[in-house]
Amino acid sequence: MCLYSDATWQNYFVYLRDQTTQLQDKYMKGDYVVKLKIGEQYKGETQAARYKAFINDVLRTMRSGQHDCCFHVYQIKDLLKYEKERLRTKYVPEGLYFEVWLSDR
């Protein structure tokens, strides 16, 4: 099921950019530890840590001059926090994903 045309998406993307505040950080930060009991910690990787790694990987890929993809609008919103002015997107309705890259400016 197609949620957007690329033209519709581009209009919404401009709105998202206008609503986003640029962060000073270069990458998503956060230390995600889950406490199980007093004195114990979960040793595995949390979902939040995996998400942070995904966003940071996409940022690294784009900053190296390549294109990447995202599947959810909330991911685009997070990328805008780090690359508000340079982030470019294209919605690909056949694949239900967003192509993302950085402009030169």
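Provided above is the structure to which this section pertains.
What you are looking at is a predicted structure, and each value in this text was computed from that prediction instead of being measured. (Residues numbered from 1 in each chain as written. Predicted model: local features only at pLDDT ≥ 70, side-chain atom pairs only at ≥ 80, totals over all residues. Heavy atoms only, no water.)

### Digging into the packing of helix α2 (residues 47-63) against helix α3 (residues 73-80)
It is at 11 Å that the axes of α2 and α3 come closest, and there the two elements cross at 60 degrees. As the angle between them shows, α2 and α3 are arranged oblique. The hand of the α2/α3 crossing is right-handed. Across the interface between the two elements, Y51, F54, I55, V58, L59 and M62 from α2 touch Y74, Q75, D78 and L79 from α3. (Axes fitted to C-alpha atoms, helices over the stretch in contact; angles between N-to-C directions. Helix = DSSP H or I, 4+ residues; strand = E, 2+ residues; numbered from the N terminus. Parallel < 35°, antiparallel > 145°, perpendicular 65-115°, else oblique. Left-handed = near helix turned anticlockwise from the far one by under 90°. Contact = heavy atoms within 4.5 Å.)

### Some words on the sheet that holds strand β2 (residues 87-92)
In a beta sheet, neighbouring strands pair by backbone hydrogen bonds and run either parallel or antiparallel. Reading across from one edge, β1-β3-β2 is the order of the three strands in this open sheet, with antiparallel pairing throughout. Of all the strands in the sheet, just β1 (68-70) and β2 have a single pairing partner and so form its edges. Strand-to-strand twist of the sheet, defined as the mean angle between neighbouring strand axes without regard to direction, takes the value 35 degrees. As defined by bridge partners, β2 adjoins strand β3 (residues 97-102) across six bridges and the pair is classed as antiparallel. Paired with T89 across the strands is V100, a residue of β3. Of the strands in this sheet, β2 and β3 are in contact with helix α1 (residues 6-19), which crosses β2 at around 150 degrees. (Pairing = 2+ DSSP bridges.)

### A short note on the packing of aromatic side chains
Counted by the stated rule, this structure contains seven aromatic pairs. Relative to F98, the ring of W9 has its centre 4.5 Å away and its plane inclined at 50 degrees; by these criteria the two rings are tilted. In this pair, W9 is assigned in helix α1 and F98 in strand β3, connecting sequence segments 89 residues apart. For the pair shown, W9 and F98 are each scored as buried. Arranged with centres 5.0 Å apart and planes meeting at 50 degrees, the rings of Y91 and F98 form a pair that is tilted. Here Y91 matches F98 in class, with each residue buried. Taken together, the ring pairs connect W9, Y12, F13, Y15, Y91 and F98 into an aromatic cluster. The side chain of R60 reaches across the aromatic face of Y27, ending 5.2 Å from its centre. (Phe/Tyr/Trp six-rings, centres within 6.5 Å; stacked < 30°, edge-to-face > 60°. Buried < 20%, exposed > 50% of the residue type's maximum accessible area, 1.4 Å probe, protein only. Lys NZ or Arg CZ within 6 Å of the ring centre and 35° of its normal.)

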